[in-house]
Amino acid sequence: MGKQWVRAQVKRNEMQEAVDRGLRWAADNRQTAGVGAGVIAAVLLFAGLFLYSHRAKQSAAWEELSLANGLAYAGQVDAALKKVDDLNAAYTGTPASGFGLLFAGDLLFHRDRFADSVKYYQQLADRGQPQALLPLALGGMALAQESASQCAEAVKTEERFLGAYPDHFLAPQVHASMARCEEAMGQKDTAKATLQKIALQYPETSWAAWAQEQLKALGGGV
């Protein structure tokens, strides 16, 4: 997915939609505002300039994200994070800034900076855009919270994820994290119920096998 998916969404019918909006406005206001061909041309020109500016902004945002990636792969993690912060401040709401927040969360998670990674996942989860990244942000945040021993917070995040994306490919992972957190918080019966759900919902998978093993350790079964 990545850049190609987002760019496809950005480009999809942009010019046609801008033109259609301009023409509809001109048609609706022709009699009351005396709209003529010159005004219609001005509307279309404005739409074209807006679209050009929009695409230039998107391109600049992607450039910033590319620089952040390059810095990270060069081992300059703090500089990469600074670039993501700058990207998010200068191009708030762009798809690239959303990908940047997810990238920063993942980057910190894999360096065991779990509490810091939660902050970036949280920003993306709160924003909710791009929507395709929201389950990834919630899934990453849940694991980071669990790893940071924030199990109560993790369970809340997992409940939010499972309520919105029960069929997502990350759902088994989220269920497993929930079961571990419930056990860690001393909620043995609740953990058993979650493990039983995993075994029943994902039969003949490694997740089901793992859940069965955990249930045996807890003294329960399906």
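In this text the structure is predicted, and so the values were computed from the model without any measurement. Each chain carries its own residue numbering, running from 1 in the written order of its sequence. Residue-level local features of this predicted model are given only where pLDDT is at least 70; pairs of side-chain atoms are given and counted only at 80 or more, and the full residue set underlies all totals for whole chains, interfaces and linings. The basis for the side-chain values is all heavy atoms of the structure; hydrogens and waters are excluded.

**Some details on the overall build of the protein**
The test is simple: Numbering goes from the N terminus for both helices and strands, where a helix is a DSSP run of H or I of at least four residues and a strand is a run of E of at least two. Only protein chains enter the area calculation, which uses a 1.4 Å probe; residues under 20% of their type maximum are buried, those over 50% are exposed, and those in between are partly exposed. Here a residue-residue contact requires only that any non-hydrogen atoms of the pair lie within 4.5 Å. Shrake-Rupley sampling with a 1.4 Å probe provides the accessible areas, and residues are treated as covered by the protein chains on show and by no other component.
The secondary structure content of the protein amounts to 12 helices and zero strands. Tracing the protein from N to C terminus, the helices and strands come up as α-α-α-α-α-α-α-α-α-α-α-α. Put simply, the protein has 222 residues, and 41% of those count as buried. Considering only contacts in the protein between residues 6 or more positions apart, those separated by 24 or more positions represent 52%. Split by element, the accessible area of the protein, about 12,000 Å² in all, is 54% carbon and sulfur.

**Quick look at the packing of aromatic side chains**
Short version of the rule: Here is the rule: rings of Phe, Tyr and Trp (six-membered ring for Trp) pair when centre to centre is within 6.5 Å. Planes less than 30 degrees apart are stacked, more than 60 are edge-to-face, and the remainder are tilted.
Tallied over the entire structure, the rule returns three aromatic pairs. With a centroid separation of 5.2 Å and 65° between ring planes, the pair formed by F109 and F114 is classed as edge-to-face. No difference in accessibility class separates F109 from F114, as the two residues are buried.

**Observations concerning the nonpolar core**
The cut-off we apply is this: Remark: nonpolar core denotes a set of buried residues (Ala, Val, Leu, Ile, Met, Phe, Trp, Tyr, Cys) joined through side-chain atoms within 4.5 Å.
Among the nonpolar cores identified, the biggest contains 49 residues, and L81, L107, Y120, F161 and L195 are the most heavily contacted of them. Of the residues forming this core, the biggest block, nine residues, is contributed by helix α6 (residues 95-109). With sequence-adjacent residues up to four places away left out, L195 is seen in contact with A179, W210, A211, Q214, L215 and L218.

**Topic: helix α9 (residues 151-164)**
Worth spelling out the cut-off: Multiply 1.5 Å by the residue count of a helix minus one, and that product is the helix's expected span.
For α9, built from 14 residues, the straight-helix expectation of 20 Å at 1.5 Å per residue is met to within 8% by its first-to-last C-alpha distance of 20 Å. Contact partners of the buried residues in α9: α8 (134-147) and α10 (171-184).

**Points about unusual backbone geometry**
For the bond running from Q129 to P130, omega is -5°, close enough to zero to count as cis. Mapped onto the elements, P130 comes out in the loop between α7 (114-127) and α8. Unusually for a residue other than glycine, S149 sits at a positive phi of about 60°. Topologically, S149 is positioned in the loop between α8 and α9. Since its relative accessible area comes to 65%, S149 is described here as exposed. Positive phi, close to 60°, is recorded for E204, a residue that is not glycine. Positionally, E204 belongs in the loop between α11 (188-201) and α12 (206-218). By relative accessible area, which is 84% here, E204 ends up exposed.

**Quick notes on the side chain of Q145**
With respect to the element layout, Q145 can be found in helix α8. The class for Q145 is buried, based on a relative accessible area of 5%. Once you skip the residues sitting within four places of it in the chain, Q145 turns out to touch V118, Q150, C151, E153, A154 and T157.

**With respect to the pattern of salt bridges**
For the record, the criterion: By convention in these notes, a salt bridge is any Lys or Arg side-chain nitrogen within 4 Å of a carboxyl oxygen on Asp or Glu.
The final tally for this structure, using the stated rule, is seven salt bridges. Across the pair K82 and D86 runs a salt bridge whose closest N-O atoms are separated by 3.0 Å. Here K82 and its partner D86 are both found in helix α5 (residues 77-90), four residues apart, which amounts to about one turn of the helix. Taking relative accessible area as the criterion, K82 reaches 48% and is therefore assigned partly exposed. On the basis of relative accessibility, which here comes to 31%, the residue D86 falls in the partly exposed class.

**A few points about α12**
Just so we agree on the cut-off: Throughout, the arc means that of the directions going from the helix axis to the C-beta atoms.
When the terminal C-alpha atoms of α12 are compared, their 18 Å separation across 13 residues agrees well with the 18 Å that a helix rising 1.5 Å per residue should span. Within the sequence span of α12, burial applies to A208, A211, L215 and L218. Buried residues of α12, viewed axially, fall in a sector of 85°; they line one side. Away from its buried face, by an angle of more than 90 degrees, α12 presents the exposed residues S206, K216 and A217. Against the buried residues of α12 lie α10 and α11.

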